[in-house]
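# Structural features, examined
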Amino acid sequence: MSREKRDPLARRKERHVQPGARSRAMHAMAARAAMGRFVLQGCVDCGAVTYPPRDVCPRCWGELRWADHGRGARVLSVTTIRVSTDLYFRGQLPWRMGTVALDAGPVALAHLHAGLTAGDQAEMRLMLDRGGNAALFALPAGKEPDMSDRQWREFVVPVKDCTILVSDARGAIGRALVQALHAAGAGHIVAGLAPPARIADLSDSLLGMERVQPIPLDLTDPVMVAECISKIPGPLDIVINTARLVRGGGVSADGNLVEQRRMLDVAVLGLMRLVQASAPLLQGRPSAAFVDILSAQALAGDAAFAGYAAGEAARHALLQSFRHEMRATGVRVLSVFTGPSDDEDHQSVPPPKVAPARLAREIITALETGREVSCVGDVAVDAMDRWLADPALYIRERNL
Amino acid sequence: MTRARTPYDGVVLCAPVTVPYQRYSDQTAHWWAGRAMRCLAESTGLGPADIDGFCFASFSAMPDTAVGLVQHLGLSPRWLDHIPTGGASGIMALRRAARAVQCGDADIIACVAADTNHLDSFRHTLAAFSRFSQDAVYPYGFGGPNATFALITDVYMRAYGVTRDDFGKLCVAQRRNARSNPLALQRGELTLDDYLRARPISDPVHLFDCVMPCAGAEAFIVTTPEIAARYGLGAARVLATIERHNAYLDDAVQLRGGWAMDAESLWAMAGVAPADVDTLQAYDDYPVIVAMQLEDLGFCAKGRAAEFIRATRFEIDGDLPLNTNGGQLSLGQAGAAGGFQNVTEGLRQVLRQPLGAQVPDADIAAISGFGLVNYDRGVCTAAAIIEACR
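In this numbering scheme, every chain counts its residues from 1 along its sequence in written order. Chains and ligands are labelled sequentially in the order written, the chains with letters from A and the ligands with numbers from 1. Reporting in this predicted model follows two pLDDT cut-offs: at least 70 for local features of residues, and 80 or more for side-chain atom pairs to be given and counted; totals over whole chains, interfaces and linings ignore these cut-offs and use all residues. Only hydrogens and water are set aside when side-chain values are computed; all heavy atoms of the structure are taken into account.

### Describing the domain arrangement of chain B
All names here are of chain B. What counts as a domain boundary in this text is fixed by an automatic or database domain assignment. Along its sequence, chain B is organised into domain 1 (12-120 + 215-230) and domain 2 (131-208 + 236-388). Taking only C-alpha atoms, the centre of domain 1 and the centre of domain 2 are 23 Å apart. Counting residues at the interface gives 37 residues for domain 1 and 38 residues for domain 2. The term buried area means the drop in 1.4 Å probe accessible area that two parts suffer when joined, counted for both and summed. Buried surface at the junction of domain 1 and domain 2, both sides included, amounts to about 2800 Å², of which 73% is carbon and sulfur. Considering only the surface of domain 1 that becomes buried against domain 2, Pro-16, Tyr-21 and Ile-91 emerge as the three largest contributors, covering 25% of it. Whenever Lys or Arg places a side-chain nitrogen within 4 Å of a carboxyl oxygen from Asp or Glu, that contact is recorded as a salt bridge. Remark: the boundary between domain 1 and domain 2 carries 2 salt bridges. Between Glu-243 and Arg-96 there is a salt bridge; the shortest N-O distance is 2.7 Å. In what follows, a contact means two residues having at least one pair of non-hydrogen atoms within 4.5 Å.

### Some words on the side chain of Asp-292 of chain A
Only DSSP runs of H or I reaching four residues or more are called helices, and only runs of E reaching two or more are called strands; each is numbered from the N terminus. Relative to the helices and strands, Asp-292 of chain A resides in strand β13 (residues 289-295). Non-local contacts of Asp-292 of chain A, meaning those with residues more than four positions away in its chain, are made with Asn-241, Leu-271, Arg-315, Leu-319, Leu-334, Ser-335 and Val-336 of chain A.

### Some details on the packing of aromatic side chains
All names here are of chain B. Each aromatic pair joins two rings of Phe, Tyr and Trp (for Trp, the six-membered one) with centres within 6.5 Å, and gets the label stacked for planes under 30 degrees apart, edge-to-face for over 60, and tilted for any other angle. Considering all chains together, one arrives at 19 aromatic pairs over all chains under this definition. Consider the rings of Phe-132 and Tyr-375, whose centres lie 6.0 Å apart with planes at 80°: the pair is edge-to-face. With Phe-132 in helix α5 (residues 131-136) and Tyr-375 in the loop between β10 (364-373) and β11 (378-388), this pair connects stretches of sequence that are 243 residues apart. Burial classes follow relative accessibility: with a 1.4 Å probe on protein chains only, a residue under 20% of its type's maximum area counts as buried, one over 50% as exposed, and anything between as partly exposed. Under the relative-accessibility criterion, Tyr-375 is labelled buried at 8%. Pairing Phe-149 with Phe-370 gives two aromatic rings, centres 6.1 Å apart and planes at 65°, and the pair type is edge-to-face. Here Phe-370 lies in strand β10 and Phe-149 lies in helix α6 (residues 144-160), a separation of 221 residues in the sequence. Take Phe-149 and Phe-370: they sit in the same class, and that class is buried. A connected cluster of aromatic rings, assembled from ring pairs, spans Phe-149, Trp-259, Tyr-283, Tyr-286 and Phe-370. Here, a charge over a ring means that NZ of Lys or CZ of Arg falls within 6 Å of the ring centre while also lying within 35 degrees of the ring normal. Residue placement shows Arg-99 over the ring face of Tyr-8; its charged tip is 3.8 Å from the ring centre. Taking NZ or CZ as reference, Arg-256 lies 3.6 Å from the ring centre of Tyr-248, over its face.

### Section: the environment of Leu-119 of chain B
All names here are of chain B. Examined against the element boundaries, Leu-119 turns out to sit in the loop between β4 (109-115) and α4 (121-127). A relative accessible area of 70% means that Leu-119 is categorised as exposed. Separated by 107 residues in sequence, Leu-119 and Glu-226 have C-alpha atoms that sit 45 Å apart.

### Considerations on the domain arrangement of chain A
All names here are of chain A. Domain annotation of chain A identifies domain 1 (24-152) and domain 2 (163-398). The C-alpha centroid of domain 2 is placed 31 Å from the C-alpha centroid of domain 1. Contact with domain 1, which involves 11 residues of that partner, is made by 12 residues of domain 2. Between domain 1 and domain 2, the buried area comes to about 1100 Å², and carbon and sulfur atoms account for 49% of it. Here domain 1 and domain 2 share 0 salt bridges between them. In protein, a polar contact means a hydrogen-donor-capable atom and an acceptor-capable atom, both N or O and within 3.5 Å, with residues adjacent in sequence counting only if both atoms are side-chain atoms; elsewhere, any N or O pair within 3.5 Å suffices. Linking domain 1 to domain 2 there are 5 residue pairs in polar contact (both at pLDDT 80 or more).

### A word on the interface of chain A and chain B
Contacts between the two partners involve 38 residues from chain A and, on the opposite side, 32 residues from chain B. Across the interface of chain A and chain B, roughly 2900 Å² is buried in total on both sides, 57% from carbon and sulfur atoms. The residue Arg-59 of chain A makes a salt bridge to Asp-250 of chain B at a minimum N-O spacing of 2.7 Å. The tally of links from chain A across to chain B stands at 17 residue pairs in polar contact (both at pLDDT 80 or more). For the side of chain A that touches chain B, the secondary structure elements donating two or more residues are α1 (24-33), β4 (72-81), β5 (95-102), β6 (107-112) and β8 (134-140) of chain A. The class makeup of the residues in the side of chain A that touches chain B is 22 nonpolar, 10 polar and 6 charged. All residues other than Ala, Val, Leu, Ile, Met, Phe, Trp, Tyr, Cys, Pro, Asp, Glu, Lys and Arg, Gly among them, are scored as polar; the first ten of these are nonpolar and the last four charged.

Pasting the structure below:
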């Protein structure tokens, strides 16, 4: 079963991340980059578009606002850096970067995809680097990035050949995910199955696929979590937390407290158990991620699912802190927001609902584009838009 | 814009001082500044009480500014300035001090640049150099100024047909000039072949295009001709100066510097032409910037640097003696002192007090400065023409 033989006394390769100090304006850019947007500051008064981020318009001293812009650019000059004083980049040399003229106006320095040279048309992506800060990456115009591009791989989490733990592979989402990861070429998929084991598991063709390892896993049981992690052969690259217990109920009424307690144990403490067991493994990997699926209820819950929303909101908060803890290690923490999924948990919820296969596809996309925050399906997209626009109003509207 | 500029009457520069550089130093910028003051005292006879103006430039005196230095050095000046413009700081110090002395705000101004270089201080200086650098330059490979100038050099070479051989000729000539300067940290022979075969640092910048960070200090005195005479100091007058910041801000890549905006004013005020200059002390952190200065200051037409370099000898006994102390490419770059050594060397040559070989019959020096890569280009440019008082 062992995928990698390693000398236990060998010195581990230390993982560094890009230098981290940034201005407040640059952090604002990163917050938008986290959602996959390509944004620049534009002047409210004169319309001038500016970069690097400033606190005032350099043309008229007017107010700047972030807005989405076209991704086109032209490469003006290129260099290959062969010497650096920084620990992270010293481990990455040689490194190609260049000057690009953005179609939106400003000139920017950018990381370059292999093959781009001066004069080429490029398509810009606003990425997060390993330290979680915004970075411009130029791709050849009209082409998909090559997942084997050495520099591009520093900004994304390739799924191919990775070892991936799916914490609950029994539910519809987990099953769809195992299927999709397998199809995407994952090297080894550890599929968590909450006990009790079922006779049907033995004949389940999904769990019987090559490169899939079923394993008992219940996030409410710390011993089982530790045992599961210890049984994963070779290094662990990605953890995807699909475990969830969805039960309705309000605060003052209809909340079965036995159910509610179990739900919060899976959602909140279960996440912490999984994180504490897996984070030390992820930190040693060149390209690691922890993915959690969150209900859009995390942003503002509705009264009919009060306990569930509370658990999702708690997880949302835990993920912020976990992400902060992982900044120095380069491990990416991805939040995938979704609306009600089309499964047994949401039988009484009207459409639109998210098909588990779609959610699985979008999780792989989030990994392979390095997107920290994704919203899958109309419900989640609508919730995030309204929450970003006016959180106080959105909370009221959810509970009218 | 067309107002006539007031000549720098009643002002002279004197007492150029260089504290011998060291590759690494465990001393502080304050110590280096103190050594510069001591050297000034030894060469002039001036003491702390005589100096009533102080101008300071440094990257490594944190948390102190010129204010902290004044108390550290026991000065009680009635005029104080702090110049944070690195490679342009010497000329800016000179022109500010000159006006202060001319107007009677001060009589004897010590202009001092001092920087130390601890084992790991260059990395720290780079990491916290400027907000734009932190946000939008260093995260892109952390190549330091090498990468920024590589991007400029790449475009410049393609735009104007300048080759590595041309840059190499400048570097080789400067190294020849350094060979007579006992204070240059790099004095070994450098051939064009060595230059061309050096290892790449950030393409197309190679090893001998780069300056070596080091510790050091430079200083000079700005005062009146009468005071200079009283102390028996050789003196030079200021014929003209210019400075410009963030010039041509719409140029996508820096192919010209602020000198081009102001060169006409410089030569008109000086009353001399480039051909009258006996030596040029150009800012040389990367030969592409030297080539740019040759064009933008009018030593040749824009886009003609390649021809000019091929047709000119830059050695001390050549057609246009360039960076006669070896420049920072041979001396080392002692932080802000790198923006003062062009002033002290130009002054030494016209005063006929060279560290190494003397430019024959040198009377007029052109001095040029370039500083502060805040984002994708050097922001500050400055130049001065000085002439010996004979």
